[in-house]
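Here is what each chain is made of, one letter per residue.
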Amino acid sequence: MRYRQKTDYLQDIRLLGKPGQAPWYVALGLLLLAAPFVLDNYWLSQLNFVLIYAIAGVGLMLLAGFTGLLSLGHAAFLGVGAYTQAVLVDMGVPFPLSMLAAAVLSALVGAVVGLPALRVKGIYLAIATLAFGLIVEEVFARWESVTGGNGGLLVPSPQLFGVSLGATNRFYWLALITCILVTLLVVNLLRTPTGRAFVAIRDSEISAQSMGINLALYKTASFALSAAIVGVAGALYAHQLRYLSPEQFGILQSIDLLMLVVVGGLGAVQGAFIGAAFLIAAPQLISLLRDYLPGVIGQAPGLQSVVFGLVVILVVMFEPQGLYGRWVRIRTYFELFPIYRKGLMRRQRAFQKSERLH
Amino acid sequence: MAIIQVLVSGIALGCVYALIALGFVLIYKATETVNFAQGELMMLGAMLCVILMRVMGLPFWMAAMASVVAMAGVGALTERVMIRPVLGQPQFAIIMLTIGFGYLARGAVTMIPDIGTDTTAIEAPWRGEIWEVGGIVLGAEQGYIILATALLCGALFLLFRYTLLGIAMQASSQNQIAAYYVGIPVKRLNTLVWALSALVATVAGLLIAPITFVHANMGFIGLKAFPAAIVGGFGSLPGAVIGGLVIGLVEALAGFYLPEGFKDIAPYVVVLIMLAVRPTGLFGESLGKKV
């Protein structure tokens, strides 16, 4: 690994990892500011989806990447947020309040789901969250008086201080501002003792506990917080889609979110953004590619699924740190140019820890 | 009488879950990883049989045999190519790998012209037959599922109890490193276990095909086998069978007594209760951990 000389404790918790990054973030900010003036509606709506998925990804990243808890049911929180938002806005509740309600309700549900996480872990937790996700999807489908069931639910456009934010270019600002706020919240949270407790739990539950970290409290908090953030993403998602139906919040959506986090890079907030961009851009690239492939492969409906499956397999096998990890490697290569060795950043292989003993 | 009928069909359904759960448990016991693509292996096996029968015109039994053998090969290959290189990484990695494999399998199958996007029936010789035992009507499809599950469980029991291979598998499932030190080829055994698990999955796929038909998404039934494995205890072969039966019965009874919609979620409610009450399952081993 690369070593960074630190002469001050504050260096450990700087918002930007190291000096010299600020100009790049300014450039990114300018690009994002210019986007609605340059892009047409279609591309802007794709960018909206990227921002929304990035928020959801940041939420899941907090749980999976930083607390080390695996959830196969996160689409349920996206759904809880989306349906809460849709129903409340329809009832005439002002937009900021309904979004807050979506976050709070998702957090409550998340805390309840977090409870099994206190007793079980690893694969058992994955299956518990999977079961929860499937149950919630069924609830969306059956609770017709509220969710409209399989018939779907139309979502009114968001209104803020009497201004409609329904148009794609106005909604973009809403999504962008929410995304920045959420990201700042999470990045700052990770600098606090709470965030460090999450990371400690991920790295070793036993040592975290012996350091005085209340596992039950922090695991539940992580679940609730992650669910709240995904709920906010869900609220935006509802407006972006304008039409909700239960199958949008099923197991495949949960897997998509997980794929986003893994492909982007576990354990890095930037990874959520890269993953979100991948998740939205990949289908577009694939459909562009279809014309160049031989007919049988190019026109097959399963192409996207095959490519996604392959990407996940290849990423896990050859780049466990995800696309962001690859970027870090390339950056490090250029930083250390003459003395970079192959395998400099390779993780040590450890024998698999048995989960039967618990 | 109606209730007995419901119970019997619940048992038949439970046997399918049990067969898929057996595949999970075999892999979990040996390698402590979970194959989220078990349902997809089942789908691939059934699809292969359909292709062999349709395209090559093989009779059912020959096609079934060929696809069982071929799928064992696929299972072994999967372990060798995909799982072995990531051993030693967190479990999360293997879960994602098998999820990715599931995606790949589903997509690849729909790419097969004509058959891939179709819902096909396997023309099993017993299809449509009806058995009547003491007033209870039993479709031959269900009867064969119960019979085959019993046979397969018996075979696995004999394998683990009386053969050197099975005992070696048990040893490596208890402690891989210790097993390796006493000269058991743990890596080769893992490959074998994956082959065995794919074989069991294919048998499940062939048995269920006359009831649910064969299509690219039939693997999602594998999700119902997780509750079975959890209820029985994830590391226990008899547990998988009992768990499968419990889940099958719960589902059948929920379908009979409860309003519509509860049937599909009943297994998951059971699993959540089970995890809250007794996370190790009915037959799970519970061992203390030393720091």
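Residues numbered from 1 in each chain as written. Chains lettered and ligands numbered in written order. Predicted model: local features only at pLDDT ≥ 70, side-chain atom pairs only at ≥ 80, totals over all residues. Heavy atoms only, no water.

A. Main features of the pairing of strand E2 (residues 136–139) of chain B. Residues and elements named next belong to chain B. Strand direction decides the pairing type here: strand E1 (residues 130–133) and E2, joined by four bridges, are antiparallel. Bridge assignment links Ile 130 to a residue of E2, and that residue is Gly 139. Linking E1 back to E2 in an antiparallel pair, the connection comprises two residues, with Gly 134 at a positive phi of about 55 degrees. (Pairing = 2+ DSSP bridges. Helix = DSSP H or I, 4+ residues; strand = E, 2+ residues; numbered from the N terminus.)

B. Quick peek at helix H8 (residues 193–203) of chain A. All names here are of chain A. Buried within H8 we find Gly 195, Ala 197, Phe 198 and Ile 201. An end-on view of H8 places all buried positions within 155 degrees of arc, on one side of the element. Contact partners of the buried residues in H8: helix H2 (41–66), helix H7 (168–191), helix H9 (205–210) and helix H10 (215–241). (Buried < 20%, exposed > 50% of the residue type's maximum accessible area, 1.4 Å probe, protein only. Arc of directions from axis to C-beta. Contact = heavy atoms within 4.5 Å.)

C. Quick peek at unusual backbone geometry. Residue A:Arg242 is not a glycine yet carries a positive backbone phi of 70 degrees. Residue class for A:Arg242 comes out partly exposed when judged on its relative accessible area of 43%.

D. Just the interface of chain A and chain B, in detail. Across the boundary between the two partners, chain A contributes 51 residues, which contact 59 residues of chain B. For the pairing of chain A and chain B, the buried interface totals around 5,000 Å² over both sides, and the portion due to carbon and sulfur atoms is 72%. Across the contact surface, chain A and chain B share zero salt bridges. Remark: the boundary between chain A and chain B carries two residue pairs in polar contact (both at pLDDT 80 or more). Contributions of two or more residues to the side of chain A that touches chain B are made by helix H5 (123–142), helix H11 (251–264) and helix H14 (303–318) of chain A. Considering each element in turn, the side of chain A that touches chain B owes the most residues, 12 residues, to H5(A). The residue inventory of the side of chain A that touches chain B, partitioned by class, reads 36 nonpolar, seven polar and eight charged. (Buried area = accessible area lost by both parts, 1.4 Å probe. Salt bridge = Lys/Arg side-chain N within 4 Å of Asp/Glu carboxyl O. Polar contact = N/O pair within 3.5 Å; in protein donor to acceptor, adjacent residues only side chain to side chain. Nonpolar A, V, L, I, M, F, W, Y, C, P; charged D, E, K, R; others polar.)

E. Focus on the packing of aromatic side chains. Per the counting criterion, the structure on display carries 18 aromatic pairs over all chains. Seen in terms of ring centroids, A:Phe37 and A:Trp173 are 6.4 Å apart; in terms of plane orientation they differ by 50 degrees. Their pairing is tilted. With a gap of 136 residues between them, A:Phe37 in helix H1 (residues 22–38) and A:Trp173 in helix H7 connect regions that are remote in the sequence. Take A:Trp173: its relative accessible area is 28%, and that puts it in the partly exposed class. Arranged with centres 5.3 Å apart and planes meeting at 70 degrees, the rings of B:Phe60 and B:Trp61 form a pair that is edge-to-face. Here a set of aromatic residues connected by ring pairs shows up, and it is made of A:Phe49, A:Tyr53, A:Tyr83, A:Phe140, A:Tyr237 and A:Phe249. We note B:Arg106 situated over the ring of B:Tyr103; from NZ or CZ to the ring centre the distance is 5.1 Å. Sitting over the face of the ring of B:Tyr162, B:Arg161 holds its NZ or CZ atom 5.4 Å from the ring centroid. (Phe/Tyr/Trp six-rings, centres within 6.5 Å; stacked < 30°, edge-to-face > 60°. Lys NZ or Arg CZ within 6 Å of the ring centre and 35° of its normal.)

All quantities given are derived from atomic positions and should not be read as evidence of function.
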